[in-house]
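# Notes for the structure review
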Amino acid sequence: MTERKLVGRSVARREDPRLLSGRGRFVDDIALPGMLHAQFVRSTVAHGEIASVDLSAVRRVPGVVAAFTADDLALGDITAQLGRPASEFVPTSMPVLARDKVRYVGEPVAIVVARDAYAAEDGLEAARVTYTTLPPVTSEEAALAPGAPLVHAEAARNTLVDVSLFATDGIDDVFDSAPCVVHVDTRTGRQNALPLETRGVVAHWDDREEQLVLQTCTQVPHQVRTVASRSLRLDERAVRVVVPDMGGGFGQKCVVGREEIAAGAAALRLRRPVKWIEDRKDALSASFLAREQHYRVRAAFDADGRILALDADVVCDMGAYSCYPFTAGIEPLMASAEMPGVYRVPAYRVRGRAVTTNKAPTAPYRGVSRPQYVMVVERLFERAARELDLDPVEIRRRNVITDFPYTGVNGITYDPGSYLESLNLCERLVRDEGWYDEQAAAAAEGRHLGIGYACFSERTGYGSATFAQRKMQVVPGFDISEVRMDTSGAVTVTTGTMSHGQSHETTMAQIVADELGLDMAKVRLHQGDTERVTYGWGTFASRSITVGGSAVRLAAAKLGDKLRAVAAARWDVAPEEVELAGGRVRRRDDHSAVMTYEEIADIAYLQAQLLPKDIEPGLSATATFDVFNDGTFSNATHGVVVELHEGTGRVEILRYVCVEDCGVAINPQVVEGQCRGGIAQGIAGALFEQVTYDAQGEPSATSFMDYKVPTAHEIPDVLIHHLETPCAFTETGAKGAGEGGTIGAPAAVLNAVNDALRPTGVELDHTPVTPETVYRALHQEATR
């Protein structure tokens, strides 16, 4: 094989010409003959028993074709399971349409199907649903209060998960004798992942194939197929899921929703195509949400600033139901297992809980608890630095992991990374740009400038073994790829991952083209079709290149072996004496002896009698890949400079520096795009976005008038510097880069804000940090 030349280069994205010229094909672009349109009658109360559902008037609305309740469709529930004892986990079943009870405003109660979307909306107005209202549970404190109303009768104290994963012996003695103990009590606001394309589906019955076809925007097509087939009581073969182009997901679409199954049921019943497109109001109020968490954490340090122990109590508000397949354990288990992060923590104790409330259920959102626990740990180090009169960067230097592989107190073994190097370089870049001098000058002028850092790792490449440790009943992990060459020498690649903006058509082609010594234009990727892709777990947790890309490379290598074997047989030499280069096979000792891929393909397909008996006809190879260690770990340090405006409380980000290490960057331009997009979402959580509810459980941020989303004006230019520590556990050397920007941004921004507030004596530990909060802090009106 020739030297690699595409991996590591910022080649142009192959997706861009199609998408930027308006030739993309998204769910809402799909129009089928006779297609109907669906909308959902949704609960108007947060908690109540359904007394009656009257759809008789709905069916008389002009244009309405049908309307169905849960009783009409008789669908199976969606139930996510952990293999944990009842004391640790309580499963909850989520009906596709609510039957006896509603548990949040926006829960689907009935589906209305009409000739067009407008008639479907008119039909909703005619629905008559009566409820016996029950007291809503709208906060963690209310959920855990003695005698609180139960969201689910089976979940005592509204607790779905209660797990204590770690408790080092003698940890209380460590705290009792420590020279310095610091505390953080922090809350993070509920957020919406807010993909540009809302959820949607077009469902139709294919008579010829005897299949229900769901064309939907999901990150996990095979899991949608499994749940849909079980809920609809069909053979899994009878359900095909196809994902067209997708305008973002960020985790909100990596769980199985109810609406796509209900639309499929309606299409089955009516034998006509049914389309449902989520409007933005429903997306903001009734879709899967994320992030609302409460941490009470303390840390012990010695007199030199070295951490001695970490003790945490984590409570996550997971809303009304467990999501499939991850369950309500996704956030508390993530936080509990990984909180020590990049630091050498000798003693650790943690309790993680998931509580259920009368709010829309939560799903994983880019980072999954890591933005929260990283913020907490970084606040502890900032607080300890102040208590011990140490530089906040220096205290981190004394504690970051430097010797690898390192097995932490949490039992996780970290592969080699550049934790100290990224920290030092990030500080140097900030200092070399003169921001420390600018901060001093601003202070002399009465202005409020602050500099903050966050040092963290991003666990990527979660394999089956890691998910099994969570005791998930459905265990994601491996990926499968097939690489197939046709008689023209062109290559088709399948992957079980699912791109929703990550440039898979480009990066996967780079891997294959390098492996086969092939022009990248000859490689075509297929994904997101359960009929064409053997199986896959989709895209989440930065797994696409680490796991999916590794399977693709292995499959390409197997195909390369077969190309060499066919040529070697024709030349009567050993396969080791043959190499691939420039779309041809040649002998290593005689470069004039050449066969094109087309010539080899002709033999493999059209002249199979020329093949030796030990070589099967055709040119295809399949490979699987899984990560059997504790995963791979990308790492980064973020440095932020902010200015607080005294008159308005506005937080202005003057500079943002990111030093990241994701191993081998298959396409550095793509990595930088992931970093910038993630940082924008992290800043959004730190300063802007929050889903709020009133006392009755009514969502109060159901449009962009109330749900503040940052624009290009609020997001700064980002300086990105790459380090590269190749990963030994993936086939590509890559570690994954999808979530790091989001993980680091809230901690770095909050630390910078607190640095700017230092003269006031006020410290902020909650996000989002609003202008009102900053204004009060600057005027010393906040409670310390």
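Before going into details, it helps to say that this report is about the structure given with it. If you're wondering where the values come from, they're calculated on a predicted model, not measured in any experiment.

Here N667 is to be found in the loop between β29 (651–661) and α18 (668–687). N667 gets classed as buried once you look at its relative accessible area, which sits at 1%. Along the backbone, N667 and E599 are 68 residues apart, and their C-alpha atoms lie at a distance of 32 Å. Within polar-contact distance, the side chain of N667 engages the side chain of Q510 at 3.1 Å.

The next subject is the pairing of strand β28 (residues 632–644). Of all the 13 residues making up β28, 13 are buried; the element is thus mostly covered by neighbouring parts of the structure. Side chains of β28 alternate between two faces, with T632, S634, A636, H638, V640, V642 and L644 and F633, N635, T637, G639, V641 and E643 buried alike. Two elements, strand β20 (residues 448–460) and β28, share 13 bridges in a ladder whose sense is antiparallel. Bridging from a neighbouring strand, A454 pairs with H638 of β28. As defined by bridge partners, β28 adjoins β29 across 10 bridges and the pair is classed as antiparallel. From the neighbouring strand, A636 faces β29, where its bridge partner is E660.

Looking now at the packing of aromatic side chains. A full pass over the atoms with the stated rule returns 14 aromatic pairs. When the ring of F326 is compared with that of F540, the centres are 5.2 Å apart and the planes differ by 85 degrees; the resulting orientation is edge-to-face. Note that F326 is positioned in the loop between β16 (307–317) and α9 (330–338) and F540 in the loop between β23 (523–526) and α16 (543–571), a separation of 214 residues in sequence. You can call F326 buried: its relative accessible area is 5%. When the ring of Y535 is compared with that of W537, the centres are 5.5 Å apart and the planes differ by 80 degrees; the resulting orientation is edge-to-face. Residue W537 is classed as buried on the basis of its relative accessible area, which comes to 7%. Of the aromatic side chains, those joined through ring pairs into one cluster are F326, Y462, F467 and F540. The cationic tip of R298 hangs over the ring face of F175; the distance from NZ or CZ to the ring centre is 3.8 Å. The ring of Y436 carries R431 above its face, with NZ or CZ at 4.0 Å from the centroid.

The next subject is the sheet that holds strand β27 (residues 620–625). Reading across from one edge, β23-β22-β21-β27 is the order of the 4 strands in this open sheet, with mixed pairing throughout. The two strands at the open ends of the sheet, each matched to only one other strand, are β23 and β27. Each strand of the sheet is rotated relative to its neighbour by a mean of 20 degrees, with strand direction disregarded. Two elements, strand β21 (residues 479–485) and β27, share 6 bridges in a ladder whose sense is antiparallel. Note on β27: the bridge partner recorded for I480 is T624. Packed onto the sheet, helix α15 (residues 504–516) meets β21, β22 (491–495) and β23 and runs at close to 130 degrees relative to β23.

Moving on to the sheet that holds strand β26 (residues 594–596). Ordered by their spatial adjacency, 3 strands build an open sheet running β24-β25-β26, and the pairing between neighbours is antiparallel. Each of the sheet's edge strands pairs with one partner strand only, and the pair in question is β24 (578–581) and β26. Pairwise comparison of adjacent strand axes, ignoring direction, gives a mean angle of 25 degrees for this sheet. Where β24 and strand β25 (residues 584–587) come together, 4 bridges link them in antiparallel fashion. In the sheet register, V578 faces β25, and the bridge partner there is R587. Here α16 sits on the sheet in contact with β24, β25 and β26, set at roughly 125 degrees to β24. Here helix α17 (residues 597–606) sits on the sheet and contacts β24, β25 and β26; the angle it forms with β26, its principal contact strand, is near 70 degrees.

Where like charges cluster on the molecular surface, the negative patch consists of D116, E121, D122 and E125. Mapping E121 onto the fold places it in helix α3 (residues 117–126).

Our focus in this paragraph is the environment of G663. Relative to the elements of secondary structure, G663 occurs in the loop between β29 and α18. Sequence-distant contacts of G663, defined by excluding residues within four places in its chain, comprise L723, E724, T725, P726, G733 and K735.

Under the criterion given, the structure shown has 62 salt bridges. The salt bridge partner of R447 is E438, with a shortest N-O separation of 3.7 Å. Across the pair E579 and R588 runs a salt bridge whose closest N-O atoms are separated by 3.1 Å. Looking at E579, the relative accessible area reads 8%, which means it is buried. Exposure remark for R588: the relative accessible area of 43% places this residue in the partly exposed category. Taken together, the shared-partner salt bridges connect E140, E141, R187, R296, D313 and R353 into one network.

Glancing now at the packing of helix α6 (residues 221–232) against helix α7 (residues 259–270). For the pair α6 and α7, the least separation of the axes is 10 Å and the interaxial angle reads 50 degrees. In this view, α6 runs oblique relative to α7, as classed from their interaxial angle. By crossing handedness, the relation of α6 to α7 is classed as right-handed. Residues V224, V227, A228, S231 and L232 of α6 form the contact with α7, whose participating residues are E260, I261, A265 and L268. Classifying every residue of the contact of α6 with α7 by side-chain character gives 7 nonpolar, 1 polar and 1 charged.

Within the element layout of this structure, S550 appears in helix α16. Look at S550 and you get buried, because its relative accessible area is 0%. Reaching out from S550, the side chain makes a polar contact with the backbone nitrogen of E731 at a distance of 2.9 Å. Once residues within four sequence positions are removed from consideration, S550 is found in contact with I545, F625, T730, E731 and T732.

Rules used throughout
Residues numbered from 1 in each chain as written. Predicted model: local features only at pLDDT ≥ 70, side-chain atom pairs only at ≥ 80, totals over all residues. Heavy atoms only, no water. Helix = DSSP H or I, 4+ residues; strand = E, 2+ residues; numbered from the N terminus. Buried < 20%, exposed > 50% of the residue type's maximum accessible area, 1.4 Å probe, protein only. Polar contact = N/O pair within 3.5 Å; in protein donor to acceptor, adjacent residues only side chain to side chain. Pairing = 2+ DSSP bridges. Phe/Tyr/Trp six-rings, centres within 6.5 Å; stacked < 30°, edge-to-face > 60°. Lys NZ or Arg CZ within 6 Å of the ring centre and 35° of its normal. Axes fitted to C-alpha atoms, helices over the stretch in contact; angles between N-to-C directions. Contact = heavy atoms within 4.5 Å. Patch = residues over 30% accessible without salt bridge, like charges linked within 9 Å, V, L, I, M, F, W, Y side chains within 5 Å. Areas by Shrake-Rupley, 256 points an atom, 1.4 Å probe, with all protein chains shown as cover. Salt bridge = Lys/Arg side-chain N within 4 Å of Asp/Glu carboxyl O. Lys, Arg positive; Asp, Glu negative; His and termini not counted. Charge placed at Lys NZ, Arg CZ, Asp CG, Glu CD. Parallel < 35°, antiparallel > 145°, perpendicular 65-115°, else oblique. Left-handed = near helix turned anticlockwise from the far one by under 90°. Nonpolar A, V, L, I, M, F, W, Y, C, P; charged D, E, K, R; others polar.

These results come straight from atomic positions and should not be treated as a statement about function.
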